[in-house]
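Survey of secondary and tertiary structure
Spelled out, the chains give:
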Amino acid sequence: MQDLTRVVRILSNGLDISDRSAQSLYIQAQEILNLGDPITSTRLIEQGLLSGWQSMWAGEALELLAELYESPDNFQELSAYEALVAEHPENGSVHFMHGMALFEIGQLQEAILNFEYAIQYGLKVQTTYISRGLAKQGLGIYFMQVAADVKAAIELNPENLAYRSILASVYLEGGVPEAALTEINTALKLGPDDPELYVNRSRIYSVLDQTDQALVDADAALSLKPGLAIALAARGSIFLLIS
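Let me sum up the structure you'll find in this document. (Residues numbered from 1 in each chain as written. Predicted model: local features only at pLDDT ≥ 70, side-chain atom pairs only at ≥ 80, totals over all residues. Heavy atoms only, no water.)

1. Notes on the nonpolar core
Ranked by size, the top nonpolar core spans 35 residues in total, and within it Val150, Leu167, Tyr171, Ile184, Val199, Ile204 and Ala231 carry the most contacts. Secondary-structure elements contributing two or more residues to this core are α8 (126-139), α9 (143-156), α10 (161-173), α11 (177-190), α12 (195-207), α13 (211-224) and α14 (229-242). The element that contributes the greatest number of residues to this core is α9, accounting for seven residues. Look past the residues within four positions of tyrosine 171 in its chain and what remains in contact with it is Phe143, Met144, Ala147, Lys151, Val176, Pro177, Ala179, Ala180 and Glu183. (Core = buried A, V, L, I, M, F, W, Y, C linked by side-chain atoms within 4.5 Å. Buried < 20%, exposed > 50% of the residue type's maximum accessible area, 1.4 Å probe, protein only. Helix = DSSP H or I, 4+ residues; strand = E, 2+ residues; numbered from the N terminus. Contact = heavy atoms within 4.5 Å.)

2. Remarks on a nonpolar patch on the surface
On the surface, a cluster of nonpolar side chains totalling about 290 Å² of accessible area is made up of Phe239, Leu241 and Ile242. Looking at the secondary structure, you find leucine 241 in helix α14. (Patch = residues over 30% accessible without salt bridge, like charges linked within 9 Å, V, L, I, M, F, W, Y side chains within 5 Å. Areas by Shrake-Rupley, 256 points an atom, 1.4 Å probe, with all protein chains shown as cover. Salt bridge = Lys/Arg side-chain N within 4 Å of Asp/Glu carboxyl O.)

3. Overview of the packing of α13 against α14
Their axes nearest at 9 Å, the elements α13 and α14 cross at an angle of 160 degrees. Classed by the angle they form, the pair α13 and α14 counts as roughly antiparallel. As for the relative orientation of α13 and α14, their crossing is left-handed in sense. Seen from α13, the contacting residues are Thr211, Ala214, Leu215, Ala218, Asp219, Ala221 and Leu222; seen from α14, they are Ala231, Leu232, Arg235, Ile238, Phe239, Leu241 and Ile242. Taken together, the residues of the contact of α13 with α14 sort by class into 11 nonpolar, one polar and two charged. (Axes fitted to C-alpha atoms, helices over the stretch in contact; angles between N-to-C directions. Parallel < 35°, antiparallel > 145°, perpendicular 65-115°, else oblique. Left-handed = near helix turned anticlockwise from the far one by under 90°. Nonpolar A, V, L, I, M, F, W, Y, C, P; charged D, E, K, R; others polar.)

Dropping the structure here:
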């Protein structure tokens with residue numbers, strides 16, 4: 001707890017921490033997050049990325065930052081990110097931060113523009129591509145453009161189950177369930193014990209009118225995680241189709 005108190009005091013006093021290496025700030029952020037302070041952890045990662053966004057560890061830092069940004073409480077005011085962009089116009093991570101803040105408040109077109117700037121300035125990492133793809137999906141942009149971004153993220157991290165599941169859902173929503181099935185099958189080869197993947201494949205089989213297979217997958221999900229709500233819902237939907 002002393003470490004947490006010390007870092008909070010440094011930040012609240014506005015002291016210059018730029019003399020620390022960017023990577024050490026990221027390591028400190030992980031420690032602070034483990035101590036239960038996601039807001040301070042977020043600020044530390046942001047600070048580190050201001051100077052070290054082209055470092056080897058930056059991709060990992062962005063992944064953690066994206067996870068932290070899933071909570072609206074971890075963002076600064078939008079004006080703070082606008083100021084950072086004005087101060088560091090060619091820093092890809094700053095455009096990513098700004099894009100995520102815009103994404104959070106539903107300004108998706110502006111978010112996409114910032115993600116594109118991030119990529120233009122060299123932040124060609126999986127987190128940037130997947131974020132741009134999700135923003136495009138939110139705007140209802142043609143599904144193949146969304147899929148292209150998700151596939152770019154997968155190329156950088158082929159074993160990421162979440163990305164493959166997202167791609168399957170993009171194909172399913174785009175009206176190509178066969179392609180969705182191919183992606184979810186690949187994901188299941190990588191993660192055969194993930195119950196949510198079986199639920200996702202169950203939904204795809206339902207769209208393909210293969211209700212027997214859909215029921216098998218819903219039951220497989222429940223055997224892996226009894227009582228899983230989305231699996232129970234999938235199972236109920238299948239019986240409605242059968243009846």
